[in-house]
Amino acid sequence: MQCKQGTSVRLLPDVRNSRRQPGAWRRAEHGLPRPLRCLAPDQSAEQAAATVNDCLRLATEGDVDALLEHVPDEVLDRCIALQKSARKWTPGVQSNISFQDVVRNSHKKEFIFDAYGQRGLIFFPLQQHQVLSSMMVSSDKFVQRCDITTGVGERAVLTFQLMQQECLQSAYKGVQVVKRWVLHSITGESGVVGVPQQPHPSLSPDAVALAQLQLLRQGQLEEVCAFASPSSRASLGKFGFAPISAHFQPLMGHEAAHVMMTMHNYNCADKATVVIGVVPSHRYSSKEQPSQQLIYLWTMGLQKAKPYVNCWMTERIQYTKPVSL
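Residues numbered from 1 in each chain as written. Predicted model: local features only at pLDDT ≥ 70, side-chain atom pairs only at ≥ 80, totals over all residues. Heavy atoms only, no water.

**Overview of the overall build of the protein chain**
Here comes step 1: The helix and strand tally for the protein chain stands at 9 helices and 9 strands.
Here comes step 2: In the protein chain, of all internal contacts separated by at least 6 residues, the share reaching a separation of at least 24 is 59%.
Here comes step 3: Counting only carbon and sulfur atoms, one obtains 52% of the accessible surface of the protein chain, whose full area is about 16500 Å². (Helix = DSSP H or I, 4+ residues; strand = E, 2+ residues; numbered from the N terminus. Contact = heavy atoms within 4.5 Å. Areas by Shrake-Rupley, 256 points an atom, 1.4 Å probe, with all protein chains shown as cover.)

This is the structure in structure tokens:
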């Protein structure tokens with residue numbers, strides 16, 4: 001592309017629609033922030049870490065939608081297309097895209113943002129954070145782990161995985177290909193070590209569920225009720241479920257248990273559902289009925305009344321179905 005000095009450069013339509021362009025046109029059209037930095041190919045770990053630090057800064061300030069700056073262009077493309085389709089079939093749908101929209105509608109292989117990331121960066125503004133480790137996995141992949149405390153007191157370790165994205169940037173006499181760091185995934189785990197015995201604001205919903213499961217495995221039934229919410233005890237008894245029923249007996253002395261996923265309602269951040277897979281002890285299996293993984297739903301609520309303010313507690317435990325191992 002050639003032009004006289006002092007004249008403006010207009011990108012051709014095929015270039016403007018390229019997946020490699022920085023998304024400035026789409027971002028401007030939908031009120032999204034423009035990327036603040038387009039980086040040269042020889043990026044260092046320090047420059048990648050600066051992107052993570054900016055994400056943490058925005059989360060601390062409660063400016064969640066500004067995180068759109070660090071979302072890959074193809075993820076934004078898909079979210080914009082879905083919203084256009086929704087406006088077509090459902091008049092009145094808002095045209096502005098939020099970071100929550102991107103998290104909710106993104107393909108999990110392209111943009112992973114689990115429940116820990118949602119609580120730490122979307123639902124509850126960060127209170128404090130500290131970098132634990134950083135690693136340049138390859139020339140275009142960077143990982144950093146951070147210890148965080150949310151505004152409600154939850155302790156967690158978030159893992160940020162970044163990748164480099166090629167994009168086009170306007171330049172004198174044409175355009176040039178540059179690279180910038182974008183988010184690929186934000187996942188987390190509980191920052192509390194050991195098995196808790198009492199509710200505490202530092203505990204995550206799945207940490208509470210696993211604490212109850214560990215107590216059930218050890219047969220400490222009375223201690224389980226410490227994590228049942230006051231409303232659950234009032235309506236379902238002190239345990240929050242019926243431990244003598246056939247569906248819940250396999251929880252006692254089970255072989256193993258693990259969290260399959262944790263889900264949040266975006267319209268109600270103080271509610272969560274933890275999906276648990278439980279392998280019962282061998283006495284619940286036979287040749288005719290081999291060992292199965294039993295699926296349970298832990299419904300959790302963030303308490304607002306004393307003495308459990310900001311504590312995640314169990315409101316209900318539901319049995320769903322077995323899955324063959």
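Next comes the rest of the description.
**Quick notes on the nonpolar core**
Here comes step 1: Core analysis: the biggest nonpolar cluster contains 63 residues, and Phe 99, Val 102, Phe 111, Phe 160 and Trp 298 have the highest contact counts within it.
Here comes step 2: Looking at this core element by element, the count peaks at 7 residues for helix H7 (residues 205-217).
Here comes step 3: Apart from the residues within four sequence positions on either side, Trp 298 is in contact with Ala 209, Gln 212, Leu 213, Leu 251, Ala 272, Thr 273, Val 274, Ile 276, Thr 314, Arg 316 and Ile 317. (Core = buried A, V, L, I, M, F, W, Y, C linked by side-chain atoms within 4.5 Å. Buried < 20%, exposed > 50% of the residue type's maximum accessible area, 1.4 Å probe, protein only.)

**A word on the side chain of Ser 281**
Here comes step 1: One can find Ser 281 in the loop between strand S7 (268-279) and strand S8 (292-302).
Here comes step 2: A relative accessible area of 7% means that Ser 281 is categorised as buried.

**A word on the packing of aromatic side chains**
Here comes step 1: Within the structure shown, the criterion is met by 9 aromatic pairs.
Here comes step 2: Aromatic pair Phe 248 and Tyr 296: ring centres 5.9 Å apart, planes at 35 degrees, arrangement tilted. With Phe 248 in the loop between helix H9 (230-236) and strand S6 (256-265) and Tyr 296 in strand S8, this residue pair connects regions lying 48 residues apart in the sequence.
Here comes step 3: By relative accessible area, which is 10% here, Phe 248 ends up buried.
Here comes step 4: Aromatic ring contacts, followed pair by pair, group Phe 248, Tyr 296, Trp 298 and Tyr 319 into a single cluster.
Here comes step 5: Over the ring of Tyr 266 we find Arg 104, and its NZ or CZ is 5.0 Å from the ring centre.
Here comes step 6: A cation over an aromatic ring shows up here: Arg 119 above the ring of Tyr 116, its NZ or CZ 4.7 Å from the ring centre. (Phe/Tyr/Trp six-rings, centres within 6.5 Å; stacked < 30°, edge-to-face > 60°. Lys NZ or Arg CZ within 6 Å of the ring centre and 35° of its normal.)

**Considering the sheet that holds strand S1 (residues 112-113)**
Here comes step 1: Spatial strand order, S1-S5-S4-S3-S2: 5 strands in an open sheet with mixed pairing. Edge positions in the sheet fall to S1 and strand S2 (126-138), since each of these pairs with one other strand and no more.
Here comes step 2: Bridge count between S1 and strand S5 (residues 174-190): 2 bridges; the pairing is parallel. Looking at the pairing, Phe 113 lines up with Ile 186 of S5.
Here comes step 3: Strands in contact with helix H3 (residues 45-61) are S2, strand S3 (141-150), strand S4 (155-171) and S5; relative to S3, the strand with the most contacts, it is inclined by about 30 degrees. (Pairing = 2+ DSSP bridges. Axes fitted to C-alpha atoms, helices over the stretch in contact; angles between N-to-C directions.)

**Some thoughts on the pairing of S4**
Here comes step 1: Relative to S4, S3 runs antiparallel, the two sharing 9 bridges. The residue bridging Val 143 from the neighbouring strand is Gln 161, located in S4.
Here comes step 2: Here S3 folds back onto S4 in antiparallel fashion, the turn holding 4 residues, of which Gly 153 has a positive phi close to 100 degrees.
Here comes step 3: Looking at chain direction, S4 and S5 are connected through 16 bridges and run antiparallel. The residue bridging Ser 170 from the neighbouring strand is Val 175, located in S5.
Here comes step 4: Hairpin geometry of S4 and S5 is characterised by an intervening segment of 2 residues between the two adjacent antiparallel strands and by a positive phi of about 65 degrees at Lys 173.

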